[in-house]
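Residue-level structural notes
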Amino acid sequence: MKRLLIFLVFVFCFALFLFIFRAHIAPPIASWMFSPSAAAAPQSACPNNDAGLKLPGGFCATIFADNIGHARHLVVAPDGVVYVNTWSGRYYGNTPPHAGGFLVALQDKSGSGHADVIQRFGRSAQEGNAGGSGIGLYKDAIYFETNDRIAKFPLTSGSIVPKVDAPETTIVFGLPLTGDHPMHPFYIASNGEMYIDVATPTNACQVKNRVPGSPGEDPCTQLETRGGVWLYDANKTDQRFSPAERYATGIRNAEGYAFYDGQLYVTQHGRDQLFNNWPKLYKPDQEATLPAEELLLLKKGGDYGWPGCYYDLFQKKLVLAPEYGGDGGKKVGVCADKTGPAAAFPAHWGPNGAAHYDKKEFPERYTKGVFIAFHGSWDRAPYAQGGYNVVFQPLSGGRASAPCEIFADGFADGKKSPADAPHRPSGLAVGPDGALYVSDDVTGRIYRITYVGGAGAGGGITPCPSLTAGAGPISAAASRPPEGLHPNAGHEATAAGAPPRGATPPMVAEGQQIYRGQIGGAACTGCHGQNGQGSPLGPALTAHKWLWSDGSYAGIAKTITDGVSQPKNYRSPMPPKGGAQLTDDQVKAVAAYVYSLSHGATPAAH
């Protein structure tokens, strides 16, 4: 009986144990073992990795925003809002600009890695704007390039865009807009020093731009107002551009800025067409391998060599350009006294944006250098194009401490050419959350790159191609400069005279953009020529003979407004306002430009 009692107690306790186990332990375990979600593979470390980019191990990329216009440079505010400057004009085939303002504010309120708030602000194309490249933040204001100036809008709490009636305050005006490189990216230091790129109007300061065998102008008068970095004060307003504020010279096109280790670095686009313009001095494949793209350590008073010098990556030195007595790479001449690059990159990759990573989310190694966005080449054709990627360049002591690495690739989706690439990197910015943002100026896509670590983290690093690598096999059709071929590009700045009474130099500059179809939707160049020299369809605008007015500012404006339905000496009529929806202010601006053309480089009679 005693043994039976013990056995029953044991059975009871065991049954109780099974009951408790099944009720409180077994279901979770069973659920873990047999539920469909558990049976599937573990969740991806990058659940929203929809960007299609190739990155080192542990990194993810999302499409933060898309189709916002030709996005150039961008900046991220302390609250995480991304601000982008977009651009229009002949670089994009004069396609109709995006509706609304050229400035775009992007905000991710849900934390999904995608912008769910997109707001455009600033002046639109209908208001005489063409957008720009440069953008920055300083003292609770958004600074931006627009037409011939750098301006700012105040930002107030409670809104990611300026108030509707917020004033657009001009910081610097009168920046040159003519020629091959009309953009003005800039950098604002913590003390308000504002460094502005004023790029060259030509490729190599030839008498006839990009024309084979044309010599260089000596001296290159373009360097008086172009081809360098200018320094202004972001705390001041209405500063007029002038030669006096030049900070450094000899820089063909300084698109990207990065402040690292107490020093300011800037990228430089190397010159084009060594073989195409000088076939007796260079081999065909040298069109694709010379000269280097550069990262420069910016110094006050520095002279980096353009147009007389270019950096030869094979010899690792500056050599004399053929336009100035160079013999294909042997002569050094005056280049011995110019400043070479802190780092060099393969020819024609097009370094547009730069940024130093100063957060803690990426592996520490990425804080010891700069990221550079390479827009991609055109001048390597008929050999394979290059660039179209984001590169990391390690730095130490003002120089490259190791070869560069391709950090992000896949923007071009295997179609590395200006005409075919679906996306081309242009701007870079680091957010307060440690994300790296990349802009694309083809469709206006913004990428957001983050680090999540995990298996394979830190692996898959791709070194940049050797600087002395050959051009490779012929694989593409010959290409042309995206800005076109304009032999007179270096003289456009002096082609116009003083503005008429009642107009200003900025109005003349805006009028030139309207005349060329960069603003307003209709180009006058089709009938009157690129620089007003005339054509079989329309009269020259540089002469002093007028067919439909007395040549006064008011008379020209009236002719533009009314149009010419029955031309006297030409077969092509001109519709009112050139067939465009120009505002009254835009009519005044283009009339001021036409007036200045007719008065040449001499003071206008008032």
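In short, a report on the structure.

Rules behind the numbers
- Residues numbered from 1 in each chain as written.
- Predicted model: local features only at pLDDT ≥ 70, side-chain atom pairs only at ≥ 80, totals over all residues.
- Heavy atoms only, no water.
- Helix = DSSP H or I, 4+ residues; strand = E, 2+ residues; numbered from the N terminus.
- Buried < 20%, exposed > 50% of the residue type's maximum accessible area, 1.4 Å probe, protein only.
- Contact = heavy atoms within 4.5 Å.
- Areas by Shrake-Rupley, 256 points an atom, 1.4 Å probe, with all protein chains shown as cover.
- Disulfide = S-S within 2.5 Å.
- Core = buried A, V, L, I, M, F, W, Y, C linked by side-chain atoms within 4.5 Å.
- Salt bridge = Lys/Arg side-chain N within 4 Å of Asp/Glu carboxyl O.
- Phe/Tyr/Trp six-rings, centres within 6.5 Å; stacked < 30°, edge-to-face > 60°.
- Pairing = 2+ DSSP bridges.
- Axes fitted to C-alpha atoms, helices over the stretch in contact; angles between N-to-C directions.

**Section: the overall build of the protein chain**
From N to C terminus, the protein chain includes 9 helices and 29 strands. The buried share of the protein chain, reckoned over its 606 residues, is 54%. Expressed as a percentage of contacts within the protein chain between residues at least 6 apart in sequence, the contacts between residues at least 24 apart total 61%. Per element, the accessible surface of the protein chain, about 26,400 Å² overall, is 57% carbon and sulfur.

**Side note on unusual backbone geometry**
Apart from glycine, the bulk of residues carry a negative phi angle, and the bulk of peptide bonds sit in the trans form. Here the residue pair Trp 306 and Pro 307 is connected by a cis peptide bond, since its omega of 0 degrees sits within 30 degrees of zero. Position of Pro 307 relative to the elements: it lies in the loop between strand 17 (293–297) and strand 18 (309–312). The omega torsion of the bond from Ala 381 to Pro 382 falls at 10 degrees, within 30 degrees of zero and hence cis. The residue Arg 210 is not glycine, and still its phi comes out positive at about 60 degrees. Following the sequence through the fold, Arg 210 ends up in the loop between strand 11 (193–198) and strand 12 (228–233). Judged by its relative accessible area of 4%, Arg 210 falls in the buried class. One non-glycine residue with positive phi stands out, namely Lys 316, at about 60 degrees.

**Overview of the state of the cysteines**
According to the stated counting rule, one finds 3 disulfides in the structure shown. The disulfide that involves Cys 309 links it to Cys 335, with 2.1 Å between the sulfurs. On the S-S bond that ties Cys 309 to Cys 335, the torsion sits near -100 degrees, and the link is left-handed. Of the two residues, Cys 309 sits in strand 18 while Cys 335 sits in the loop between strand 19 (317–320) and strand 20 (343–345), which places them 26 residues apart along the sequence. By relative accessible area, Cys 309 is classed as buried at 7%. Exposure remark for Cys 335: the relative accessible area of 3% places this residue in the buried category. Shown here is the disulfide that connects Cys 404 with Cys 464, its sulfur atoms set 2.1 Å apart. Here the disulfide of Cys 404 and Cys 464 is left-handed, its torsion about the S-S bond being about -135 degrees.

**So, the nonpolar core**
Grouped burial of nonpolar side chains is what soluble globular proteins tend to show. Formed by 23 residues in total, the largest nonpolar core has its most connected members in Leu 53, Leu 55, Phe 362, Phe 371, Val 390, Phe 407 and Ile 449. Those elements that provide at least two residues to this core are strand 1 (59–65), strand 22 (369–374), strand 23 (389–396), strand 25 (405–408), strand 26 (425–430), strand 27 (436–440) and strand 28 (446–451). For this core, the element with the most residues is strand 1, which contributes 3 residues. If sequence neighbours within four positions are ignored, Ile 449 has contacts with Leu 53, Leu 55, Phe 59, Cys 60, Ala 61, Phe 362, Phe 407, Ala 408, Ala 435, Leu 436 and Val 438. If you look at the next biggest cluster of nonpolar residues, it comprises 20 residues, including Ala 503, Ile 560, Val 590 and Tyr 595.

**Section: the pattern of salt bridges**
With the rule as written, the count across this model stands at 15 salt bridges. Of the charged contacts in the structure, one is a salt bridge between Asp 180 and Arg 210, with a shortest N-O distance of 3.1 Å. Taken as a pair, Asp 180 in the loop between strand 9 (169–173) and strand 10 (186–188) and Arg 210 in the loop between strand 11 and strand 12 lie far apart in primary sequence, 30 residues in all. Arg 210 shares its class with Asp 180; the two are buried. Several salt bridges converge on common partners, so that one network encompasses Asp 180, Arg 210, Arg 252 and Asp 272.

**Some remarks on the packing of aromatic side chains**
Counted according to the given criterion, the structure contains 27 aromatic pairs. For the pair Phe 59 and Phe 407, a centre-to-centre distance of 5.0 Å together with 85 degrees between the ring planes defines the contact as edge-to-face. With a gap of 348 residues between them, Phe 59 in strand 1 and Phe 407 in strand 25 connect regions that are remote in the sequence. Taken as a pair, Phe 59 and Phe 407 share a single burial class, namely buried.

**Let's talk about the sheet that holds strand 17**
As summarised here, the arrangement of the 4 strands in space is 15-16-17-20, forming an open sheet in which the pairing is antiparallel. Every interior strand has two partners, whereas the edge strands, strand 15 (257–260) and strand 20, have only one. In this sheet, neighbouring strand axes are inclined to one another by 20 degrees on average, regardless of whether the strands run parallel or antiparallel. Note: strand 17 against strand 20, 3 bridges, orientation antiparallel. Bridge pairing links Glu 293 to Phe 345 in strand 20.

**Section: the pairing of strand 11**
Regular strands show a simple pattern: their side chains alternate between the two faces of the sheet. Counting buried positions over the 6 residues of strand 11 gives 5, a clear majority of the element. In this sheet, strand 11 lies alongside strand 10 in antiparallel orientation, the contact comprising 3 bridges. Looking at the pairing, Ile 188 lines up with Met 194 of strand 11. Taken together, strand 10 and the strand that follows it, strand 11, pair antiparallel across an intervening segment of 4 residues, in which Gly 192 is found at a positive phi of about 95 degrees. For strand 11 and strand 12, the ladder comprises 6 bridges, and the chain directions are antiparallel. By the bridge assignment for strand 12, Ile 196 is matched with Trp 230.

**Section: helix 8 (residues 553–562)**
Along helix 8, the positions that sit buried rather than exposed are Tyr 553, Gly 555, Ile 556, Ala 557, Thr 559 and Ile 560. Along its buried surface, helix 8 packs onto helix 6 (505–515) and helix 9 (584–598). Count one or two residues on from helix 8 and you reach Gly 563, which has phi positive near 80 degrees.

**Let's talk about helix 6**
Counting buried positions along helix 6 gives 9 out of 11 residues, so the element sits mostly inside the fold. Residues of helix 6 that are buried include every one of Pro 506, Val 508, Ala 509, Glu 510, Gly 511, Gln 512, Gln 513, Ile 514 and Tyr 515, and no others. Downstream of helix 6 by one or two residues, Gly 517 has phi in the positive range, about 85 degrees.

**Some words on the environment of Gly 250**
When you line up the elements, Gly 250 lands in the loop between strand 14 (246–249) and strand 15. Given the relative accessible area of 0%, Gly 250 is considered buried. Remark: the alpha-carbon pair of Gly 250 and Lys 338, spanning 88 residues in sequence, is separated by 8.7 Å. The residues touching Gly 250, leaving out its near neighbours within four places in the chain, are Leu 223, Gly 227, Gln 268, Asp 303, Tyr 304, Gly 305 and Trp 306.

**A look at the sheet that holds strand 28**
Adjacent strands of a sheet pair through backbone hydrogen bonds, lying either parallel or antiparallel. As summarised here, the arrangement of the 4 strands in space is 1-28-27-26, forming an open sheet in which the pairing is antiparallel. At either margin of the open sheet sits one strand with a lone partner, and together these are strand 1 and strand 26. Averaged over all adjacent pairs, the angle separating strand axes in this sheet is 25 degrees, with direction ignored.

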